[in-house]
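# Observations on the three-dimensional arrangement
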Amino acid sequence: MLEKVSNNVEMIKLNHPHTFNKNDFPPLAMALGYFDGVHLGHQKVIKEAKQIAESKGLKSAVMTFDPHPSVVLGKRVQQIEYITPLEDKIRVIEGLGADYLFIVHFTPEFASLLPQQFVDDYIIGLNVKHAVAGFDYTYGKMGKGNMETIQFHSRGSFDFSVVPKLSADGEKISSTLIRSVIHEGRVDAIPSLLGRHFSTAGVVAHGDKRGRTIGFPTANIETPDEYLLPPTGVYAVRIFSRDQWHHGVCNVGYKPTFKEKKAKKPTVEVHIFDFSEDIYGETATVEWHLRLRPEQKFSGIDALVEQIGKDKQAALDYFYTD
Ligand SMILES: Cc1cc2nc3c(=O)[nH]c(=O)nc-3n(C[C@H](O)[C@H](O)[C@H](O)COP(=O)(O)O)c2cc1C
Ligand SMILES: Nc1ncnc2c1ncn2[C@@H]1O[C@H](COP(=O)(O)OP(=O)(O)OP(=O)(O)O)[C@@H](O)[C@H]1O
């Protein structure tokens, strides 16, 4: 299935076994990886493919998979919460200027392809003339293919480049590292790994309508389950709504001051500064800047309201003080 998502990137969804052949595509320089987050290491791989495409007169491409292999392969840790769910990943890759984006439906059958079959069908078979991957990229059944075996598996049909490890503070920048930093609430450390702030998109839904009665109306953001969320607590955030960014303060949590029983999922609610528009039903993106404190159970409304006032001031100080 060919689907045009923008003027720039041609998106191709592949189901195994796919029925494309070489002639369906121009000669390609292709970046290979799963790319959850499209972090700085991933960006290096994708940019390298773009540069090679330009210098060799090829079109640039990215190949990714969906869902995450660990969901299908039933590993102990099931990767179901993404830094960038597929839609977000597409948007970021599009922003990097790739010409083609191949999204391979990751199934047990696809996962059981021998490394040579993967290279034949998904690299040589898609007219790739230059493959680019990171130093630790693996392919084929049990990840048996790697950047040393690729020379042999290429059958001389394409060149390849290996991108060396990109580290931050001595540690490899990886999706796993970024997930653990978000889990710890250290959202302020994310830009040095992701190259941008971590963000979460959702739809603005109705809450209990208590917020406006206590002087702090909030937009409740319903986020799809597949999004990774920072831990419960209060955050300085920016929120994108109706084509504009606003500053605000966000509570991720269960509102223990008011609720005896813990809900299944925490709510994400943002008090947007200097804002009184009705945005129910609209899409909004929360951009996480700094965790200010954990969520607490207060003795009553007055104590909570006093604390939210302090949270607001802390967020304003963060955004407006150099
Ligand atoms: C900045 C901020 C911090 C908050 N901190 C807490 C908290 O520590 N404990 C708590 O029970 N509720 C906290 N809340 C949630 C409020 O209880 C909630 O916004 C209020 O009850 C309105 O909820 P509603 O939108 O469902 O009507 C916080 C809300 C905001 C905006
Ligand atoms: N820090 C990095 N430096 C260079 N290349 C990287 C780096 N991180 C990932 N890559 C490369 O980017 C591509 C996509 O990486 P991939 O999505 O497999 O995961 P990752 O970021 O290493 O995360 P994890 O292993 O934690 O799931 C691969 O080719 C990989 O080798």
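Computed from a predicted structure; not experimentally measured.

Around ligand 1 sit 23 residues, and of these Gly207, Asp208, Arg210, Asn251 and Thr257 come closest. Of all the elements in the fold, those that place two or more residues in the shell around ligand 1 are β15 (244-253), β16 (267-272) and α9 (301-320).

Surrounding ligand 2, one finds 21 residues, the nearest of these being Gly33, Tyr34, Gly41, Gly134 and Thr176. Sorting the residues of the shell around ligand 2 by element identifies α1 (40-56), β6 (128-134) and α7 (175-183) as the ones contributing at least two each. Sorting elements by how many residues they give to the shell around ligand 2 places α1 first, with 4 residues. Within the shell around ligand 2, the residues separate by chemical class into 9 nonpolar, 7 polar and 5 charged.

As a further point, take the pairing of β6. Of all the 7 residues making up β6, 7 are buried; the element is thus mostly covered by neighbouring parts of the structure. As paired strands, strand β3 (residues 28-32) and β6 are joined by 4 bridges and run parallel to one another. Pairing of Ala31 across the sheet is with Val132, part of β6. Of the strand pairs in this sheet, β6 and strand β9 (residues 159-163) are connected by 5 bridges, and their pairing is parallel. Bridge assignment links Gly134 to a residue of β9, and that residue is Val163.

Our focus in this paragraph is the UniProt feature "domain: Riboflavin kinase" (unreviewed entry) in the chain. Per the UniProt entry, the sites bearing "domain: Riboflavin kinase" (unreviewed entry) are residues 193-320 in this numbering. Along residues 193-320 the backbone is 17% helical and 37% strand, and the end-to-end C-alpha distance reaches 24 Å.

Moving on, we come to the domain arrangement of the chain. When cut into domains, the chain gives domain 1 (2-172) and domain 2 (197-320). On a C-alpha basis, the centroid separation for the pair domain 1 and domain 2 is 36 Å. The interface is formed by 6 residues belonging to domain 1 together with 6 residues belonging to domain 2. A breakdown of the residues in the side of domain 1 that touches domain 2 according to their chemical character gives 4 nonpolar, no polar and 2 charged.

All right, on to the environment of Leu113 then. Relative to the helices and strands, Leu113 resides in the loop between α4 (108-111) and α5 (115-123). Leu113 sits 29 residues away from Met142 along the chain, and the two C-alpha atoms are 9.2 Å apart.

It is a general feature of regular strands that their side chains alternate between the two faces of the sheet. Direction of pairing for strand β12 (residues 199-205) relative to strand β17 (residues 283-293): antiparallel, over a ladder of 5 bridges. Of the residues in β17, the one forming a bridge with Ala201 is Thr285. Bridge analysis of β12 against strand β13 (residues 219-222) gives 3 bridges, and the strand direction is antiparallel. Note on β13: the bridge partner recorded for Val203 is Glu222.

Our next topic: the sheet that holds strand β14 (residues 233-241). One closed barrel holds the 6 strands; their spatial order is β12-β13-β16-β15-β14-β17, and the pairing between them is antiparallel. The mean inter-strand angle of the sheet, taken between neighbouring strand axes irrespective of direction, is 45°.

On to the nonpolar core, then. If you look at the biggest cluster of nonpolar residues, it comprises 40 residues, and the most contacted ones within it are Ala29, Met30, Ala49, Val62, Ala131 and Val132. Elements with a minimum of two residues in this core: β3, α1, β4 (59-66), α3 (86-95), β5 (100-105), α5, β6 and β9. Sequence-distant contacts of Met30, defined by excluding residues within four places in its chain, comprise Ala49, Ala61, Val62, Met63, Val128, Ala131 and Val132. Ile83, Ile190, Val204 and Ile239 belong to the second-largest nonpolar core, a separate cluster that totals 29 residues.

A separate point is the environment of Ile46. Structurally, the position occupied by Ile46 is in helix α1. Ile46 sits in the buried class, given 24 other C-beta atoms within 10 Å. Remark: the alpha-carbon pair of Ile46 and Asn127, spanning 81 residues in sequence, is separated by 18 Å.

Quick look at unusual backbone geometry now. The omega torsion of the bond from His16 to Pro17 falls at -5°, within 30 degrees of zero and hence cis. Looking at the element boundaries, Pro17 is found in the loop between β2 (10-14) and β3. Pro67 follows Asp66 through a cis peptide bond whose omega is 0°. Residue placement: Pro67 occurs in the loop between β4 and α2 (69-73). Phi is positive for Asn127, which is not a glycine, with a value near 70°. One can find Asn127 in the loop between α5 and β6. Residue Asn127 is classed as buried on the basis of its 21 C-beta neighbours within 10 Å. In this structure, Arg242 is a non-glycine residue whose phi angle is positive, near 50°.

Definitions and cut-offs
- Residues numbered from 1 in each chain as written.
- Chains lettered and ligands numbered in written order.
- Predicted model: local features only at pLDDT ≥ 70, side-chain atom pairs only at ≥ 80, totals over all residues.
- Near = placed C-beta within 6 Å.
- Helix = DSSP H or I, 4+ residues; strand = E, 2+ residues; numbered from the N terminus.
- Nonpolar A, V, L, I, M, F, W, Y, C, P; charged D, E, K, R; others polar.
- Buried ≥ 20, exposed ≤ 12 C-beta atoms within 10 Å, placed from the backbone.
- Pairing = 2+ DSSP bridges.
- UniProt positions renumbered as here; feature names shortened; annotations may be inferred.
- Domains from an automatic or database assignment.
- Contact = placed C-beta atoms within 7 Å.
- Axes fitted to C-alpha atoms, helices over the stretch in contact; angles between N-to-C directions.
- Core = buried A, V, L, I, M, F, W, Y, C linked by C-beta atoms within 7 Å.

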